[in-house]
Amino acid sequence: MNNTNLNKYGLTALIEQEASLFDGLFLARISVQHRDMYRVISEQGELSAVMSGKLMHEMRACGGYPAVGDWVMVDRTDNSGGDAVIHRVLSRKRAYSRKASGTSNAVQVITANFDTVFLCMALNEDFNLRRMERYLTICWDSGATPVIILTKSDLCDNLPARVNDVTDISMGAEIIICSATDDISCSLVNSRIKAGETVAFVGSSGVGKSTLINRLIGSEILHTGEIRSSDGKGRHTTTHRQMLLLPNGGIVIDTPGMRELQLYSGNLTKTFEDIEDLAAGCKFNDCTHSNEPDCRVRQALEDGYLTAERFESYMKLQRELSYEGLDSRELEHQKINRMFNSMNEYKQTRDYFKRKNKR
């Protein structure tokens, strides 16, 4: 195999220092993940890899399997004797995680060790502000810088209004309006990816992540699908996570579209900074923003400064995060308590929204 310069894939002195602690193992970075099978990039090139049984047990216990972007320690640098075995996952700089599908409280790491997250949302039928709030909540919690990429601008009939709507919930995150058919907007996206830095592309199915990455690379590396005429949505094409090098030296990670994004952890304080600032001015520190006097949040709703939809989203995500870490019995108990103890507050809030919508 040809020697590979791992510096091109984001290797730092800190990673090298940690890797030196494991004698007899070799440093590599996960480039592709497909279920429990991996491709890793070592100093001798790319090779297939699997987790050791011990690591699988340890990772299951602490939450989440290795993910694309992880730096790992493997037992070989070529596949001449079979698949490499991943024995260690090095410390993560950051990770983008969600609650795994199903009823368990397990975490699923989507991608790891990135500098920036490009949160992609199409401006046509995929447009969903509440979903973007979820993406932002996870991204701010990871410690990465979010950049909102609004794709398919050429298919949007009300561009100014939709951009204003996203601006209202972005809390200072940069917004780039993009069309894969437009060289200027693609160049603007490319300029935000620096050599040696890793950018994770995150978004729902069919928003054009793979198409945009192909434009950045300059060739059809990733398979893409045509837009469905029935609803204007793109077809879901990416089925696994993978890391790619750009001509400018940047590193991108393409992820499959996520049909659901349940929060495992999140930073609501940053995503809903406007509501948190209002809540700080409420008369009571434990204000529930339902029927307490001198509630700044309720006043903002009355004045139209805060929309009912955004407030409902904030309360919903708060409840979702409060349930994390509970087993099934505790979760059910918590939900029953919340249901009965908050019934009057719920009715008052519901009636308020009904009256407001009739105006």
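See the structure printed just above.
Rules used in this analysis
- Residues numbered from 1 in each chain as written.
- Predicted model: local features only at pLDDT ≥ 70, side-chain atom pairs only at ≥ 80, totals over all residues.
- Heavy atoms only, no water.
- Helix = DSSP H or I, 4+ residues; strand = E, 2+ residues; numbered from the N terminus.
- Contact = heavy atoms within 4.5 Å.
- Areas by Shrake-Rupley, 256 points an atom, 1.4 Å probe, with all protein chains shown as cover.
- Phe/Tyr/Trp six-rings, centres within 6.5 Å; stacked < 30°, edge-to-face > 60°.
- Buried < 20%, exposed > 50% of the residue type's maximum accessible area, 1.4 Å probe, protein only.
- Lys NZ or Arg CZ within 6 Å of the ring centre and 35° of its normal.

**Student:** Can you help me understand the overall build of the chain in this one?
**Tutor:** In terms of helices and strands, the chain carries 12 helices and 13 strands. Pairs at least 24 residues apart make up 66% of the contacts formed inside the chain by residues separated by at least 6 positions. Summed over its atoms, the accessible surface of the chain is roughly 17,800 Å², and 47% of this surface lies on carbon and sulfur atoms.

**Student:** Would you take a moment to explain the packing of aromatic side chains for this structure?
**Tutor:** Remark: the centre distance and the inter-plane angle together describe each pair of aromatic rings, the angle taken between the planes. If you walk through the whole model with that rule in mind, you get two aromatic pairs. Centroid distance phenylalanine 118 to phenylalanine 201: 5.1 Å. Interplanar angle 70°. Geometry classified as edge-to-face. Residue phenylalanine 118 is located in strand E8 (residues 116–122), and its partner phenylalanine 201 is located in strand E11 (residues 198–203); the two are separated by 83 residues in the primary sequence. One exposure class covers both phenylalanine 118 and phenylalanine 201, and it is buried. Between the aromatic rings of phenylalanine 272 and tyrosine 314, the centroid separation amounts to 5.3 Å while the plane-to-plane angle is 55°, which identifies the pairing as tilted. With a gap of 42 residues between them, phenylalanine 272 in the loop between helix H7 (268–271) and helix H8 (273–279) and tyrosine 314 in helix H10 (residues 308–322) connect regions that are remote in the sequence. Side by side, phenylalanine 272 and tyrosine 314 carry an identical accessibility label, which is buried. A cation over an aromatic ring shows up here: lysine 270 above the ring of tryptophan 140, its NZ or CZ 4.9 Å from the ring centre.

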